[in-house]
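# Structural features, examined
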Amino acid sequence: MLAFFLTLIEDENDRQLFERIYHSYRSQMMRVVIGVLGNEADAEDAVHETFCKVAEKHLDTVRAICDERDMRNYMLKAAKNLALNSRRGGSRRSNVEDIDSLADDETCISDEDFVDELCSEDSYRELVAVIRGLDPKYSQVLYLHFVLEMPMPEVAEYLDRKLETVKKQLVRGKALLAEKLKENGRVTFDD
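Values in this document were obtained by computation on a predicted structure and should not be read as measured data. Residue positions are given per chain, counted from 1 along the sequence in the order it is written. Under the rules for a predicted model, residues below a pLDDT of 70 receive no local features and side-chain atom pairs below 80 are neither given nor counted, while totals for whole chains, interfaces and linings still include all residues. Note that the side-chain values use all heavy atoms of the structure and ignore hydrogens as well as water.

## Focus: helix α9 (residues 152–159)
Accessible area is worked out with a 1.4 Å probe on protein chains only. A residue is then buried under 20% of its type maximum, exposed over 50%, and partly exposed in between. To qualify as a helix, a DSSP run of H or I must reach at least 4 residues; to qualify as a strand, a run of E must reach at least 2; elements of each kind are numbered from the N terminus. Burial within α9 is extensive, with 6 of its 8 residues counted as buried. Turning to α9, its buried residues number three or more, namely M152, E154, V155, A156, Y158 and L159.

The structure is reproduced here in structure tokens:
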């Protein structure tokens, strides 16, 4: 697939830049888009389309980005936005019960303990599937923070939400995720 994209680019320096970006961010873009679209085939199409747009129209923008973190954020945001736009017509909002009751002391554990427990009990795909099944306001925060390992201030900026809101959504999302995993018999958090 990379060879196809490179045929769209005339300048050799731009080809090298594009190839580096492709190898550096493709798998992360896939994870983000799978989280949005829910399946690998649609995600592959969205990531392919993102790279086509970058190769055809946005090389000037990409060329101007000097910082790796900014490049990563640009590519992930481009892929996510394309996926969201493709999903918009058929998006559905899940009805989730009031989860405030889930955020009690029994389910509030540290991020480190939470991740350790999840990693020891669930495979990556199973975990992402459970996260994806949550209400989007929680699944987005969990996905960005735990899967993409973005710090909370970056998550807040990326989602264009207040930091306090994102922190509350993380706590509630962790509680809801833990509850879903318990229901599935996949994890037991021992205090």
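On we go.
## Concerning the packing of aromatic side chains
Think of it this way: a Phe, Tyr or Trp ring, Trp meaning its six-membered ring, pairs with another when their centres are within 6.5 Å, and the plane angle makes it stacked under 30 degrees, edge-to-face over 60, tilted otherwise. Applying the stated criterion across every chain, the model contains 2 aromatic pairs. Considering the side-chain rings of F18 and F51, the 5.6 Å spacing of their centres and the 75° angle between planes classify their relative orientation as edge-to-face. With F18 in helix α2 (residues 12–37) and F51 in helix α3 (residues 40–57), this residue pair connects regions lying 33 residues apart in the sequence. The same class applies to F18 and to F51, which are both buried. Where Y22 meets F51, the ring centres are 4.9 Å apart and the plane angle is 50°; that geometry is what we call tilted. A residue pair is termed long-range when its members are at least 10 positions apart, and Y22 in helix α2 and F51 in helix α3 qualify at 29 residues. For the pair shown, Y22 and F51 are each scored as buried.

## Details of the side chain of K80
Structurally, K80 is set in helix α5 (residues 68–87). When charges are counted, Lys and Arg are positive and Asp and Glu negative, with His and the chain ends excluded. What makes a salt bridge here is a side-chain nitrogen of Lys or Arg within 4 Å of a carboxyl oxygen of Asp or Glu, nothing more. Of the side chains bearing the opposite charge, D160 lies closest to the buried K80, which forms no salt bridge; the N-O distance is 10 Å. Every residue in contact with K80, bar those within four places of it in the chain, is listed here: V32, V33, V36, Q140, Y158 and L159. A contact between two residues is defined here by any heavy atoms of the two lying within 4.5 Å.

## Overview of the environment of E56
Counting through the fold element by element, E56 comes out in helix α3. Given the relative accessible area of 51%, E56 is considered exposed. Put simply, E56 and I9 are 47 residues apart on the chain and 7.4 Å apart in space, counted from C-alpha to C-alpha.

## Details of the nonpolar core
By nonpolar core we mean a set of buried residues, namely Ala, Val, Leu, Ile, Met, Phe, Trp, Tyr and Cys, connected to one another through side-chain atoms within 4.5 Å. F18, I21, M29, V33, F51, M75 and L177 are the most contacted members of the largest nonpolar core, which totals 54 residues. For this core, the element with the most residues is α2, which contributes 12 residues.

## Remarks on the environment of M71
Tracing the chain through its elements places M71 in helix α5. Sequence separation of M71 and S24 is 47 residues, and the distance between their C-alpha atoms is 10.0 Å. Discounting chain neighbours no more than four positions away, the residues touching M71 are R20, I21, Y25, V62 and I65.

Keep in mind these values describe shape, not function.
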